[in-house]
Amino acid sequence: MPFEIVGREGPLAGRRFPVSDAPITFGRNSDNIVVVASRQASRFHAEVLYEAGDYVLRDRGSSNGTLVNEEPVTSRVLHAGDVITIGDETFCFESADSIATTTDLAVTQTFVDSTVPRGPIMRVTISGGGPVGLAFALLLEHSMGRRVAVTIYDERWTQDGSRIVWKGEGHGNVRRQQVVTVQSRQYLSLPEEVQEQLFGEGLYSEMWPPGPDSVRGYAPRNIRIAYIEDKLLEMANAKPGSIRLVPERFDPVEHEASAAEDHVLAICEGARSRTREHFTAMFGTADKTIYSLNGEHVQDVVLGLRVKSDLPDPMIVLLTVAQNRFLLNSLRGEGFLNMRLTEDEAKEVIGLDPVRQVFEQCIASRPCVMERDTQGDFHCSTHSTLFLPALIKSSALWKRAREGLALFGVTEENLRAVTAFRLDMVQRPRFTAQLYPATATTPGTYGFLLGDAANSIHFWPGRGLNSGLASALSLARSLDSAWNGRGFRDADFTRHEAAMSMLQYRHKSRAWKAMVTTDEQGAVCSIKDRIARSIEAAASGESDRESDIEALMEQLARIRDRLAARIPDMPDDAALKDHLDTLGDETLRTLVASGPWDTLTMGGEEVDVDIFYREQTPTASAANR
């Protein structure tokens, strides 16, 4: 008689594991047949073996023991109906021929109590547990309750007692301290419990005013991305019945068998996603030509300086919007000052290993965050390198970076770390694909690109996160609406694919405007090239300091007049003139040449994914819990 191990309580509820002559292993390690998420489970906890005509459960010396029918066991012959408990997860040893094997758990009343979900379970794996992956999991849990079982993989996590937490620098993981701006359309779409956790008093600021992209007059909110990651992970830890957290990297080859048994694989690993590249044949090859000039793919390299500014928010906003060389996004003055680099400046972003006396590309290629040490040097704790430009007194890049500090009122002691990142964009042909076909025993797995894995867009901090949250919201609603206990079809995701295409067009067209401009002849050129030409002009004596200050003052006055009604306490002309007088000639020239932010393009209506899901209301979704 054939038997099965059937998940009853926990993330594997509804999952079936056929029992044969081969051992069925249980434990937290991903090499097990039944991977148990419970914090009380050992890495290799227990196994079911076929011995002398019987199936025998053996505990493998686990720390917290194994129960059968609520009794501790070390070895036990199993019979149909026996309930196996490991930590807070339970499994039933069932006859594959009995009525208990039906897909609809609602008819298995012999084995199911009131705590077990009714109806089939949608199985979801998420590759990448950053803000988008975690938000997607919480959105699914909020709308579908125990009808969904989510497993999230991320190698940047580690086990801390009964919880999964983010690794720190001691584990080689440098947390992201950047401040991002989350638009009201996105944060108001999150579940109320998520909003309450993220936006407590004093945890965010509203330095940017409400605009045409705001909902119901709510302003964009500045918040540190590491705090978002911490809070979302903390909330996911509190939902072990629906969300399982695995502190390991998802490997599409190693996990192919388990992924093929799932209904959904959501790829949220970021712009350099290895999982996405593994499935390139399914999602299609990205096109670079639309974001190219003269046959060259446009890429920006940005130097990120972690700072604390002494300037008030109105002054920071005004100085940021008036030019395209520097951008400061902060929370109560603390954040990253981003400096757009020319091609020559980008070549100077080098680390130096002082012991081996060799140059390293870690800050440019990883990228790493180099913290300021007690000697005042910027040190990479992962690769034991120092930031070379800050060591060289004659470094042109470092002199210009210090001018950026002066522009935003940052003293030397308030510069705390240095990093760098590369910005580029591609056009993705599709965001949804069937990765594995349906078989007699598997449902057919659909894959989805979310967050930066789908649309890597940057420079204005938070644009990538806003797009990622919108994509997570759209997919969660599509899955909730389409789930009926059977495998999915392409037609189930027409609305989601349309929403993703809109997000790609809106956010990338806006980001492209932040990378290019027009020259004096009206030809499109990159902003970094205009900055490079302005540096050459200043070096050859072609710049006129007074003319540059006058041009900047006119630009600042126009922006101030436009924003004054929404931002109080704007600086007057005298304060602005005194501030500009502290800057060098070359800096003034580059600020003028870079031009102001195209706020008409950068602002404007956000993509509203709700237009595709008007019939879905929170009340209707909650009824399915």
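Sequence order as written defines the numbering, with residues in each chain counted from 1. Given that the model is predicted, a residue must reach a pLDDT of at least 70 before its local features are reported, and side-chain atom pairs must reach 80 or more before they are shown or counted; all residues, however, enter totals for whole chains, interfaces and linings. Excluding hydrogens and water, the side-chain values take into account all heavy atoms of the structure.

- Within an unreviewed UniProt entry, the label attached to the chain reads FHA domain-containing protein, and the organism entered is Salinactinospora qingdaonensis.

1. Concerning the overall build of the chain
Now for step 1: Regarding its fold elements, the chain presents 20 helices and 34 strands.
Now for step 2: Whereas a compact globule of 625 residues would reach a radius of gyration of roughly 25 Å, the chain reaches 28 Å, a difference of no more than 12%.
Now for step 3: Dimensions along the principal axes, computed over C-alpha positions, put the chain at roughly 95 × 60 × 50 Å.
Now for step 4: Residue burial is assigned from relative accessible area. The probe radius is 1.4 Å, only protein chains are included, and a residue is buried under 20% of its type maximum, exposed over 50%, and partly exposed in between. Per-residue burial for the chain yields a buried fraction of 57% across its 625 residues.
Now for step 5: Sequence-distant contacts, at least 24 apart, represent 69% of the contacts inside the chain between residues at least 6 apart.
Now for step 6: Total accessible area on the chain is roughly 26,000 Å²; 49% of this is exposed by carbon and sulfur atoms.
Now for step 7: Separation of charge centres in the chain, based on 68 positive and 87 negative side chains, amounts to 1 Å. Numbering of helices and strands runs from the N terminus, with a helix taken as a DSSP run of H or I at least four residues long and a strand as a DSSP run of E at least two residues long. Only C-alpha atoms enter the radius of gyration, while the globule expectation follows 2.2 Å times N to the 0.38, with N the number of residues. Contact definition: two residues touch when any of their heavy atoms are within 4.5 Å. Here the accessible surface of atoms and residues is derived via Shrake-Rupley with a 1.4 Å probe, and residues count as covered only by protein chains that are part of the display. Charge counting treats Lys and Arg as positive and Asp and Glu as negative, with His and both chain ends excluded. A single reference atom marks each charge: NZ on Lys, CZ on Arg, CG on Asp, CD on Glu.

2. Describing the packing of helix H8 (residues 313-321) against helix H16 (residues 545-563)
Now for step 1: Contact pair H8 / H16: the axes reach a minimum separation of 10 Å and the direction vectors enclose 125°. It follows that H8 is oblique to H16 by the angle criterion. Here H8 and H16 pass one another in a crossing that is right-handed. Residues Val 317, Leu 318, Leu 319 and Val 321 of H8 pack against Leu 556, Ile 559, Arg 560, Arg 562 and Leu 563 of H16.
Now for step 2: Only Asp, Glu, Lys and Arg are considered charged, only Ala, Val, Leu, Ile, Met, Phe, Trp, Tyr, Cys and Pro nonpolar, and every remaining residue, Gly among them, polar. Considered class by class, the residues forming the contact of H8 with H16 number 7 nonpolar, no polar and 2 charged. Working convention: axes come from line fits to C-alpha atoms, limited for helices to the stretch in contact. Angles between N-to-C directions cover 0 to 180 degrees. Orientation labels follow simple angle bins: below 35 degrees gives roughly parallel, above 145 gives roughly antiparallel, 65 to 115 gives roughly perpendicular, and whatever is left gives oblique. Less than a right angle of anticlockwise turn of the near helix away from the far helix marks a crossing as left-handed, whereas a clockwise turn marks it as right-handed.

3. Re the sheet that holds strand S6 (residues 54-59)
Strands belonging to one sheet form pairs held by backbone hydrogen bonds; the direction of such a pair is parallel or antiparallel.
Now for step 1: What the 5 strands build is an open sheet, ordered S4-S3-S5-S6-S9; its pairing is mixed. Pairing within the sheet leaves two strands with one partner each, and these edge strands are strand S4 (34-35) and strand S9 (75-77).
Now for step 2: In this scheme, strands are said to pair when DSSP sees at least two bridges between them. Sheet analysis places strand S3 (residues 24-27) next to S4, joined by 2 bridges and oriented parallel. Looking across to S4, one finds that Gly 27 is bridged to Val 35.

4. Thoughts on empty space enclosed by the protein
Now for step 1: The definitions used throughout rest on a 1 Å grid laid over the protein atoms alone, on which a cavity is an enclosed set of points accommodating a 1.4 Å probe that cannot get out and a pocket is an open set flanked by protein within 12 Å on both sides along at least five of seven lines; lining residues are those having an atom within 4 Å of a point. Grid points are joined across faces, edges and corners, and a volume is the space filled by probe spheres set on the points. According to the stated counting rule, one finds 8 cavities of 30 Å³ or more in the structure shown.
Now for step 2: In this structure, the largest cavity spans a volume of roughly 80 Å³.
Now for step 3: Taken together, 13 residues line the largest cavity, and the ones lying closest to its centre are Leu 190, Leu 198, Ile 228, Leu 465 and Leu 469.
Now for step 4: Going through the elements one at a time, helix H1 (131-144), helix H3 (192-198), helix H4 (225-237) and helix H13 (463-482) are the ones with two or more residues in the lining of the largest cavity.
Now for step 5: A class-by-class count of the residues in the lining of the largest cavity yields 13 nonpolar, no polar and no charged.

5. Focus on the nonpolar core
Now for step 1: Counting residues in each nonpolar core, the largest one holds 76 residues, and the members touching the most others are Phe 136 and Leu 140.
Now for step 2: Not counting chain neighbours up to four residues away, the residues in contact with Leu 140 comprise Met 122, Val 124, Gly 145, Val 148, Val 150, Ala 476 and Leu 479.
Now for step 3: Ranked by size, the runner-up nonpolar core spans 53 residues in total, among them Met 315, Leu 341, Phe 408 and Leu 552. Nine residue types can take part in a nonpolar core, namely buried Ala, Val, Leu, Ile, Met, Phe, Trp, Tyr and Cys, and a core is a set of them joined through side-chain atoms within 4.5 Å.

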